[in-house]
Amino acid sequence: MVKPWHKTLFSLISFLLVNITLFPQTNNTNLTKLLDLYNEVKAFASTADGPIPTRVVAPPVMHFDYCYPCDKARQAEYSRDSAIFVNTYLHPEREYINKANQVISELKVQVAFTDLAPEKIEEMKTEMFQAMIKISERSLRKLAYAWETYKDDARRNILIADLLLNIIRSLAVISLEPPEGTPGIHEIVSQVVNSGLRYIEQAKEKRDYPVLLNYKRILGLYKVAELVGISLNELEISIFKFVGVNRFKISVETASRSTGSGGAFQNAQLSAEGVFLATPDSNCQLQWKLIEPDSLRLHYKLEAIEMKINPGGQLAYTGTESYYSPPPELKLGFCEQNRDTAHFYGFAPHKEGKENWKVKDRIVEIPFMVILYTMGFNDPQQYGREAYRKDTTNRYAKVQYGFLLKHKLVNGLKVVFDKHIDGRTHAMLPTAWFRVRIEHEK
């Protein structure tokens, strides 16, 4: 009789190792062919304890960048290459497990179509189950060898680890120990976690931002370690090593100068700085959030301001030095397609501030920046942009100029974005420029 644990093992092995069909099932009742197949499986199983090949087929590369979870093409490629690896490296083991499965299926038919005694059929089934166990153990030995070869390669050890863990756990369900030399579950998971953390640490050193900004992968490794009981002293890299890796400092510099008749001119120069967090969203696109020094506004510092009128001469500025704008709209990414746009809103005086000038003995408010910057950076669509549409409390003073920069982020460098746009439109505007630098803080 077939023992219950044999049936359990058969179903488990079939699920794990026969999910890619190498040989179609058949209802062939030819007893001679069936016996030939039966003897072929027994012959292979009798040598399963022998040496395994020392040549290892390279497993496919798993990608660590934050765009991979949304990249269907690369996911399909990994799935295809994983199947190729399993079919190639675990050949002929998979082939003979399928043949043993085929024999068992056809033996069920033989009950009705041959004179084979039921006891003989049950005996043959049991021998096929036993053959599958031996062949599965050989597969484990081959996987253990491949594991030793690739266990330090975080991008290639994941598939081998997955295959090992599935088979080891399945054997444990039916109280079977894996062959000697098979790594344990704790060892496998520890190695996957630590090699992954080392790979991400190297990405930090190389400023490989698509990998470094994949916070879900980073947190996931520590979560796996926690779930399987890996202690902190077994982790080679502390989670604090990756705190703040998505912080970027954005620096802005701008100047504009207009000239008129009789030596008249207007001149201004401003700068701004802010710290942004760059975090992938569920669509694998970086979202940039201003967090310092003010999460609601980008503050501009007045570096220089001058005005000379004709007649009247040069005026003294007595107004505010504090300007601000809504946070910029940053559609920038390191691995996304068509994410190369940074839109900075026009700045205006702080809500309580006035652009005041001393004209003779009087203080006069003159909308200086609007006049000067609209000449070079006019944007009539400004009011329809997101920050203004959502500004139901009138937090931002609306101005009809803005700064559109198109440039790709650069991977591997501390300064990932450095773009300058020129707004000079005619001879009366000899200076008009706006520059943005984005720099990784760590």
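See the structure printed just above.
Since this is a predicted model, take the numbers as computed values, not measurements. (Residues numbered from 1 in each chain as written. Predicted model: local features only at pLDDT ≥ 70, side-chain atom pairs only at ≥ 80, totals over all residues. Heavy atoms only, no water.)

### Considering the overall build of the protein
Let me state the cut-off plainly: In this text, helices come from DSSP runs of H or I with a minimum length of four residues, and strands from runs of E with a minimum of two, each type numbered from the N-terminal end. Restricting the calculation to C-alpha atoms gives the radius of gyration, and the globule rule supplies 2.2 Å times the number of residues raised to the power 0.38. Think of it in three bands: residues with accessible area under 20% of the maximum for their type are buried, residues over 50% are exposed, and the middle band is partly exposed, with areas taken using a 1.4 Å probe on protein chains only. We call two residues in contact when some of their heavy atoms are within 4.5 Å. Note on areas: Shrake-Rupley with a 1.4 Å probe; residue coverage comes only from the protein chains shown.
If you tally the helices and strands in the protein, you get 11 helices and 15 strands. Relative to the compact-globule value of 22 Å for 442 residues, the protein shows a C-alpha radius of gyration of 35 Å, a clear excess of over 25%. The 442 residues of the protein split such that 47% are buried. Across the protein, every contact between residues at least 6 apart in sequence was considered, and the portion connecting residues at least 24 apart equals 72%. As displayed, the protein has an accessible area near 22000 Å², and 52% of this comes from carbon and sulfur atoms.

### As for the sheet that holds strand β6 (residues 316-317)
In sheet architecture, strand pairing relies on hydrogen bonds along the backbone and comes in two forms, parallel and antiparallel. To keep things clear, this is the line we draw: One bridge is not enough; two strands pair if DSSP finds at least two bridges between them.
Taken together, the three strands give an open sheet; going across it, the order is β6-β11-β12, and neighbouring strands pair in antiparallel fashion. Both outer strands of the open sheet, β6 and β12 (362-365), are each paired with one neighbouring strand and no more. Pairing analysis gives two bridges linking β6 to strand β11 (residues 356-359), with the strands arranged antiparallel. Note that in β11 the partner of A316 across the bridge is K358.

### Re the sheet that holds strand β13 (residues 402-406)
As a reminder, the rule being used: Lines fitted to the C-alpha atoms define the axes, with helices restricted to the stretch that makes contact. Angles between their N-to-C directions range from 0 to 180 degrees.
Judged by pairing direction, the sheet is antiparallel, and its three strands sit side by side in the order β8-β9-β13 without closing on themselves. The open sheet is flanked by β8 (329-332) and β13, the only strands paired with a single partner. Strand-to-strand twist across the sheet, computed as the mean angle between neighbouring axes with direction ignored, equals 10°.

### A short note on the packing of aromatic side chains
Quick reminder of the rule: Stacked, edge-to-face and tilted labels apply to pairs of Phe, Tyr and Trp rings (six-membered ring for Trp) whose centres lie within 6.5 Å, assigned for plane angles under 30 degrees, over 60, and everything in between, in that order. In this analysis the charged atom, NZ for Lys or CZ for Arg, is taken to sit over a ring once it is within 6 Å of the ring centre and within 35 degrees of the ring normal.
This structure, assessed with the given rule, holds 23 aromatic pairs. Aromatic pair Y300 and F347: ring centres 4.6 Å apart, planes at 45°, arrangement tilted. In this pair, Y300 is assigned in strand β4 (residues 298-309) and F347 in the loop between β9 (340-345) and β10 (348-349), connecting sequence segments 47 residues apart. The residues Y300 and F347 share a single accessibility class, namely buried. When the ring of F347 is compared with that of Y373, the centres are 5.0 Å apart and the planes differ by 75°; the resulting orientation is edge-to-face. You can see F347 sitting in the loop between β9 and β10 and its partner Y373 sitting in helix α10 (residues 368-377), a full 26 residues away along the chain. Exposure remark for F347: the relative accessible area of 1% places this residue in the buried category. When its relative accessible area of 0% is taken as the criterion, Y373 is described as buried. Each member of the aromatic cluster is reached from another via a ring pair, and the members are Y300, Y323, F344, F347, Y373, F377, Y401, F403 and F434. The ring of Y96 is capped by K99, whose NZ or CZ atom sits 4.8 Å from the centre of that ring.

### Here's the deal with a nonpolar patch on the surface
For clarity, the cut-off: A residue counts toward a patch only above 30% relative accessible area and without a salt bridge, and it is joined to like-charged neighbours within 9 Å or, for Val, Leu, Ile, Met, Phe, Trp and Tyr, to nonpolar neighbours within 5 Å. The salt bridge criterion pairs a side-chain nitrogen of Lys or Arg with a carboxyl oxygen of Asp or Glu, the two atoms within 4 Å.
A contiguous nonpolar surface patch, about 490 Å² in accessible area, is contributed by Y215, L219, I239, F240 and V243. Within the element layout of this structure, I239 appears in the loop between α9 (215-227) and β1 (247-259).

### Looking at the pattern of salt bridges
Close approach of charged atoms allows side chains of opposite charge to pair. This model, assessed by the stated rule, comprises 27 salt bridges. Put simply, D71 and R74 hold a salt bridge, and the shortest N to O gap is 2.7 Å. Measuring nitrogen to oxygen at the nearest pair gives 3.7 Å for the salt bridge that ties D153 to R156. Overall, D153 belongs to the partly exposed group, its relative accessible area being 28%.

### Things to note about the state of the cysteines
What counts, and what does not: Cysteine sulfur pairs qualify as disulfides if the two atoms are within 2.5 Å.
Going through the model one piece at a time under the given rule, you end up with two disulfides. Through a disulfide, C67 is tied to C335; the S-S separation comes to 2.1 Å. What sets the handedness of the C67 and C335 disulfide is the S-S torsion sign, and at about 90° it is right-handed. With C67 in the loop between α2 (31-46) and α3 (72-89) and C335 in the loop between β8 and β9, this residue pair connects regions lying 268 residues apart in the sequence. With its disulfide-bonded cysteines labelled consecutively along the sequence, the protein is connected as 1-4, 2-3.

### Points about the environment of M307
Relative to the elements of secondary structure, M307 occurs in strand β4. Note: C-alpha distance between M307 and K216 (91 residues apart in sequence) is 53 Å. Leave out the neighbours within four places in its chain, and M307 touches F265, Q266, G313, Q314, L315, W357, I366 and F368.

### Remarks on the nonpolar core
Note the following rule: For this analysis, a nonpolar core means a set of buried residues of the types Ala, Val, Leu, Ile, Met, Phe, Trp, Tyr and Cys, connected via side-chain atoms within 4.5 Å.
Residues W288, Y300, F344, M369, F403 and F434 are the most contacted members of the largest nonpolar core, which totals 96 residues. No other element matches the nine residues that helix α6 (residues 157-173) contributes to this core. If you look at the next biggest cluster of nonpolar residues, it comprises 19 residues, including L37, F44, A100 and M128.

### So, α6
Quick reminder of the rule: Working rule for helices: expected span equals 1.5 Å times residues minus one.
Helix length check: α6 (17 residues) gives 24 Å between terminal C-alpha atoms against 24 Å at 1.5 Å per residue, within 8%. Along α6, the positions that sit buried rather than exposed are N157, L159, I160, A161, L163, L164, L165, I167, I168, S170 and L171. Following α6 by one or two positions, S175 adopts a phi angle in the positive range, close to 60°.

### A few points about the environment of P53
Mapped onto the elements of the fold, P53 is located in the loop between α2 and α3. Separated by 226 residues in the primary sequence, P53 and T279 place their C-alpha atoms 45 Å from one another. Apart from the residues within four sequence positions on either side, P53 is in contact with R138, K142 and Y145.

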